[in-house]
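Structural overview
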Amino acid sequence: MTKSNPVDDTVPQRVARYEDLVPYKDSMSHSEGIPPEAMLMMSPDKVMPIMSPQGWEGRSKIAPVKGAPGLTITLAECPPGDSAGLHKHTGAVENFFCVQSKFEIIWGDEGQFSTILEPLDFVSVPSGIYRDFKNVGTELGRLLVMIQPEPGDTQDAVYHAKSSGEEIAKRWGPATVDAMAKVGIRFGEPA
């Protein structure tokens, strides 16, 4: 006798289709009023959420798959030369898995350290360390990014340079900086 597992019926609801993924620059524009150009100052051309925990309030809240607490997954698509910009996740480990092209993973207060990821290479960057990633290949790059926040967090705080926040406020007003903070994008050093 075979027992039916209630999870069997939920699997079709836990599928993310590439064609349905929405980049941060578009989703944050629609839901938070953040201009796409402001988001592009803080992230690559296309960062598309795939999975986030139920109740997540951060940038990946629109991910089509809702998973268990403690993991968000995004796909970063970067043309050659595109990067995220030097930033710090204060309470989350950020893991990178190179799917296509070559990525330079940079870390350190000034971005003074780096390694190159070839397809199918992986690196994990601890929380509290400045990091960046850049497509150094000659083709469209795809990088699977898995963020592990601290237990109980409902968004992951990311800090960019104070000067970036000042430029965004100058171009789009302080309300844009406030809207970015609402989804976890902050400027300067943590208080």
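Residues numbered from 1 in each chain as written. Predicted model: local features only at pLDDT ≥ 70, side-chain atom pairs only at ≥ 80, totals over all residues. Heavy atoms only, no water.

1. What about the nonpolar core?
What counts, and what does not: For the purposes of this section, nonpolar cores are sets of buried Ala, Val, Leu, Ile, Met, Phe, Trp, Tyr and Cys residues that join through side-chain atoms within 4.5 Å. Exposure categories follow from relative accessible area, calculated using a 1.4 Å probe and restricted to protein chains: below 20% of the type maximum is buried, above 50% is exposed, and the middle band is partly exposed. Residue contacts are counted whenever heavy atoms from the two residues lie within 4.5 Å of one another.
One finds Ile34, Phe96, Phe133, Leu143 and Met180 to be the most contacted residues of the largest nonpolar core, which totals 28 residues. Sequence-distant contacts of Phe133, defined by excluding residues within four places in its chain, comprise Pro44, Ala76, Cys78, Asp82, Ser83, Ala84, Phe96, Phe103, Glu104, Ile105 and Leu143. Core analysis: the second largest hydrophobic core is formed by eight residues, Leu21, Met51, Val65 and Leu75 among them.

2. Comments concerning the pattern of salt bridges
We apply this condition: Counted as salt bridges are all cases of a side-chain nitrogen of Lys or Arg within 4 Å of a carboxyl oxygen of Asp or Glu. Helix numbering and strand numbering both begin at the N terminus, where a helix is a DSSP run of H or I of at least 4 residues and a strand a DSSP run of E of at least 2.
Taken as a whole, this structure holds eight salt bridges when the rule is applied. The partner of Lys88 in a salt bridge is Glu189, and the shortest N-O contact between them spans 2.9 Å. Placement of the pair is Lys88 in strand β4 (residues 87-89) and Glu189 in the segment after β12 (185-187), with a sequence separation of 101 residues. Given the relative accessible area of 11%, Lys88 is considered buried. Ionic pairing is found between Glu167 and Arg171, a salt bridge with its closest N-O pair at 3.6 Å. Residue Glu167 and its partner Arg171 are located together in helix α3 (residues 162-172), separated by four residues, close to a single helical turn. Residue class for Glu167 comes out partly exposed when judged on its relative accessible area of 28%. Through salt bridges with shared partners, a single network forms among Glu32, Lys61 and Lys182.

3. Observations regarding the sheet that holds strand β6 (residues 103-107)
Note the cut-off: Paired strands, in this sense, are two strands between which DSSP finds at least two bridges. Each axis is a line fitted through C-alpha atoms, taken for helices only over the stretch in contact, and angles between the N-to-C directions span 0 to 180 degrees.
In space, the six strands of this open sheet follow the order β7-β6-β9-β4-β11-β12, with mixed pairing throughout. Each end of this open sheet is capped by a strand with a single partner; those strands are β7 (113-117) and β12. Ignoring strand direction, the axes of neighbouring strands in this sheet form an average angle of 30°. Bridge count between β4 and strand β9 (residues 130-135): two bridges; the pairing is antiparallel. Bridging across to β9, Lys88 finds its partner in Tyr130.

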